[in-house]
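These are the residues of each chain, in order.
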Amino acid sequence: MEPFQTHRGRLALLDWRDVNTDLIIPARYLKRIERTGFGPLLFADKRYGQGGAPEADAPEKHGPPDPAFPLNAAECQGASILVVGRNFGCGSSREHAVWAVMQGGYRAVVAPGKGEGFADIFESNAYNNGLLPIELDPADWAILAQAVRDHPGAAEATIDLRAQTITIHGGAGESPVFTFETPESQRHRLIHGLDAISETLAHDAAIRHHEQSAPAWLAPQTR
Amino acid sequence: MATTLFQKIWDRHLVAATEQANLLYIDRHLVHEVTSPQAFDGLRLAGRTVRRPDLTVATIDHNVPTDDQLVIRDPLSKKQVETLRANCREFGVTLHDIQSGRQGIVHVIGPELGLTLPGATIVCGDSHTSTHGAFGALAFGIGTSEVEHVLATQTLWQGPRPGSLGVEITGRLAAGLEPKDVILAVIRAIGTGGATGCVIEYHGAGVRALSMEGRLTICNMSIEAGARAGLIAPDETTFAYFTDQERPFAPKGQALENAINDWRTLVTDDPSAFDRNVSIDASTLAPQVTWGTNPAMTVDVTGVVPGPDETPFAAPADARRALEYMGLVPGTPIAKVAVDIVFIGSCTNGRIEDLRSAARVMKGRRVASGVRTLVVPGSEAVRKQAEAEGLDQVFLHAGAEWRQAGCSMCLAMNPDRLEPGQRSASTSNRNFEGRQGPMGRTHLVSPSMAAAAAVTGRFTDVRELLDPRA
Ligand code: SF4
């Protein structure tokens, strides 16, 4: 996993609530057995308009962007921090949604409401891939979202994961600094780009001990 | 201090814990073809093995064609299925393959085969793993990286222990009402984010009165309220599931007795232990129909499509987008809305009782002209049972299609899907945009409401179709 310490990038806003993973990456693209190639498939059914979405095996062959989709605006191109509405990533457990967001060019997603910004599984999938899910206080989130609306294409932010701060710049006048919280264990893993499995294997003795003390009825019986 | 069922199961499975991170042991890992290929690849790349193939079980469900399971025309679907077969062979994982007699939607076969046990931890790379909580198992969906982690270590890292939300169901369901109506009403009451970060425990007399099938339907959609998991404390109904019929992987004889003695302790000592509690009176419910693009956008079948300002938990702009997508005008009685397709199946409502409910309504009636109706059993075993009871004949005589087991039209990944603009009455769990096919319009209902829509061609209060003598 690529470590995440600080990141400066342009902001893009998708101010919709309850954006579900079927919207982020429609189910038919889940037939891909690779971890790559999902960038052009991000929001495919919104992004290209009707009939323009690519086939699962040829992500690069797609129709023209649909101007009605907010992230198709010129000022969103090249953005790397996605500002979204509450309960982003709800629905299915598909990690493909996180792969698509990351391969679509984003390193962080910012949603309003502590404990309410992201659906649980999306959030853990994000951490496991090095996509930083940031939940801001709703008032702070509103200022950030307004900065993007007021300064289209110019609003930028710097995320400092060690300090757990996000700072707005880029034509947005002042530079408010907002704080957020990331669970200690996730932060440690992200900053150092650690592999969770190796870390867990260090607990092998404890795992073995648990296995030995499990009740007999818990073991699967006949095949 | 009073302890919840959830806390008891959680504590039993802690392998290591720090203030912010908990390592949980996983008793059962269910695997399907969609979310596992990249996980097996990861193992291969790192030279790792599956730690406990005996606790890992796979099946094929999402990609399966339900007209003829054996003929997978889509080359990508075929490749995904074959990849699972190859991975199971390579890593020594048991696969319940198509036409083995045990294949089906992963959340339907888990209980049937006795893989799902009270007090166990169960994970699967699938959000509807919450289904298994109906047995008093702590069951939740995980992403592909976590699938890889569980394959390699049989454990999973979790943050601090989630909070608990008690959902009390009082009262009994009236005729024509089903567990699906209960869970839709719960989500409508608390919103799609109403239980984010929490584990829901359903309790109360209304839950005790339900069969295992009904409980599975309710726990299935916990995720639609944002919950980590849904739980129901095991009771005599749960135990009978194992004593009335032999479940291949479940304990038997003395081991089962020991298990049941232990399972009796799996209760919440006092409902005051929940962080929050909400209550729903099941006896006052009318059949529910979703009108919008998330499962909280629901009305009574006697109600009308709401306006964008009358939609709880949605900003007016979001509600307007939903109305537009669904092609609905506020104020329209939902019972005036016509359907093109009826889908009866999925891990929410693809079990035998669901098919019985649908058959009760369809018996002696005909599917309305112009409506296509698919009845899709959730597993090969459900299909066999339904045929033994003659339900297949009821559906076929009514003019419905009797299909083979799979996820089918629940999601647009196999040949069963909506065409753009088509409107469905569906017993599945998600009405998201495009869920059943790009630009398809999904309304979630119970099996008997779906059957009622099939025979009338529109959303119909199933209570009007019930035989008063029955
Ligand atoms: S039936 Fe639907 S919700 Fe259930 S596992 Fe299959 S696709 Fe997922």
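Residues numbered from 1 in each chain as written. Chains lettered and ligands numbered in written order. Predicted model: local features only at pLDDT ≥ 70, side-chain atom pairs only at ≥ 80, totals over all residues. Heavy atoms only, no water.

Colleague: Go over the pattern of salt bridges, please, and point to the residues and values.
Modeller: Residues and elements named next belong to chain B. Under the definition given, this model contains 41 salt bridges over all chains. As a salt-bridge pair, Glu224 and Arg430 come within 2.6 Å of each other at their nearest N and O atoms. One end of the pair, Glu224, is in the loop between helix H8 (212-220) and strand E11 (229-231); the other, Arg430, is in the loop between strand E18 (423-426) and strand E19 (441-444), with 206 residues separating them in the sequence. Here Arg430 falls in the buried class, since its relative accessible area comes to 1%. Notably, a salt bridge pairs Asp318 with Arg321, separated by 2.8 Å at the nearest N-O pair. Of the two residues, Asp318 and Arg321 both sit in helix H11 (residues 316-326), 3 residues apart, roughly one turn of that helix. According to the relative accessible area criterion, Asp318 is buried, its value standing at 10%. Overall, Arg321 belongs to the partly exposed group, its relative accessible area being 24%. (Salt bridge = Lys/Arg side-chain N within 4 Å of Asp/Glu carboxyl O. Helix = DSSP H or I, 4+ residues; strand = E, 2+ residues; numbered from the N terminus. Buried < 20%, exposed > 50% of the residue type's maximum accessible area, 1.4 Å probe, protein only.)

Colleague: Which residues make up the interface of chain A and chain B, and what values go with them?
Modeller: Listed as interface residues are 60 residues of chain A and, on the opposing side, 82 residues of chain B. Interface area, chain A with chain B, both sides summed: about 5600 Å², of which 54% is carbon and sulfur. Our count for the contact surface shared by chain A and chain B stands at 9 salt bridges. Secondary-structure elements contributing two or more residues to the side of chain A that touches chain B are helix H1 (21-24), helix H2 (44-47), helix H3 (96-103), helix H4 (120-129), helix H6 (184-192), helix H7 (196-201) and helix H8 (204-212) of chain A. Of the residues assigned to the side of chain A that touches chain B, the class counts are 20 nonpolar, 19 polar and 21 charged. (Contact = heavy atoms within 4.5 Å. Buried area = accessible area lost by both parts, 1.4 Å probe. Nonpolar A, V, L, I, M, F, W, Y, C, P; charged D, E, K, R; others polar.)

Colleague: Give me the confidence of the model for chain B: which residues, what numbers.
Modeller: Taken as a whole, chain B shows an average pLDDT of 97; of its residues, 99% reach a score of 70 or greater. Both confidence scores are given for the complex: pTM 0.96, ipTM 0.94. (pLDDT = per-residue confidence, 0-100.)

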